[in-house]
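# Structural overview
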Amino acid sequence: MMRVVLPFWQKLRSFYLFDLPYLPLILGSSLLYLCSIIVTNLLEENDYGSIAFISHLAIKIWIVTLWLDKLSELLKQWEKLLVP
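Computed from a prediction, not measured in an experiment: that's the story for all the values here.

## Side note on a nonpolar patch on the surface
There is a patch of nonpolar side chains on the surface, built from Val64, Leu68, Leu71, Leu74, Leu75, Trp78, Leu81, Leu82 and Val83 and spanning about 940 Å² of accessible area. For Val83, the location among the structural elements is in the segment after α3 (49–82).

Printed below as a string of structure tokens:
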């Protein structure tokens, strides 16, 4: 994974796409979620269903915490629109 993901990430960082505010979070979240699904399937195949559920839940919580800063900015902007 380190031989594939890191060179791909470094190549991707050289493009102008990282000027977009949400793209790194979207890519990071999708990569984390994909790894979580792979690990969960492996654990469930080996009869570790409860550990699979806990690990998948932990990754989901981690992804939400990554997005909390952007979510707070969005809520502040909405508050400015709603309050006269």
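So much for the structure itself; the text now carries on.
## A look at helix α2 (residues 23–45)
Under the 1.5 Å per step criterion, the end-to-end length of α2 is 33 Å for 23 residues, consistent within 8% with the ideal 33 Å. Taken as a whole, α2 has its buried residues at Leu23, Leu25, Ser29, Leu32, Ser36 and Thr40. Residues of α2 that are buried sit in contact with α3. Asp47 sits one or two residues past α2 and shows a positive phi near 60°.

## Some words on α3
Largest kink in α3: about 45°, centred on Leu68. Where α3 is buried, its residues contact α2.

## Brief notes about the environment of Ala52
If you trace the backbone, Ala52 turns up in helix α3. Overall, Ala52 belongs to the buried group, its relative accessible area being 0%. Once the C-alpha coordinates of Ala52 and Asn41 are considered, the two residues, eleven residues apart in sequence, prove to be 7.5 Å apart. Here Ala52 is in contact with Thr40, Leu43 and Glu44, once residues within four sequence places are set aside.

## Re unusual backbone geometry
A positive phi is found at Asp47, a non-glycine position, where the angle reads about 60°. As for its position among the elements, Asp47 is in the loop between α2 and α3. The class for Asp47 is exposed, based on a relative accessible area of 71%.

## Section: the side chain of His56
Inspection of the secondary structure assignment puts His56 in helix α3. Assessed through its relative accessible area of 13%, His56 is described here as buried. Beyond its immediate sequence surroundings of up to four residues, His56 is in contact with Tyr33, Ser36, Ile37 and Thr40.

## As for the packing of aromatic side chains
Under the counting rule described, the total for this entry stands at one aromatic pair. Aromatic side chains Tyr22 and Trp67 sit 6.1 Å apart centroid to centroid with 20° between the ring planes, which places their arrangement in the stacked category. Of the two residues, Tyr22 sits in the loop between α1 (2–13) and α2 while Trp67 sits in helix α3, which places them 45 residues apart along the sequence.

Rules used throughout
Residues numbered from 1 in each chain as written. Predicted model: local features only at pLDDT ≥ 70, side-chain atom pairs only at ≥ 80, totals over all residues. Heavy atoms only, no water. Patch = residues over 30% accessible without salt bridge, like charges linked within 9 Å, V, L, I, M, F, W, Y side chains within 5 Å. Areas by Shrake-Rupley, 256 points an atom, 1.4 Å probe, with all protein chains shown as cover. Salt bridge = Lys/Arg side-chain N within 4 Å of Asp/Glu carboxyl O. Helix = DSSP H or I, 4+ residues; strand = E, 2+ residues; numbered from the N terminus. Expected span 1.5 Å × (residues − 1). Buried < 20%, exposed > 50% of the residue type's maximum accessible area, 1.4 Å probe, protein only. Contact = heavy atoms within 4.5 Å. Bend = angle between axes of the 7 residues up to and from the residue. Phe/Tyr/Trp six-rings, centres within 6.5 Å; stacked < 30°, edge-to-face > 60°.

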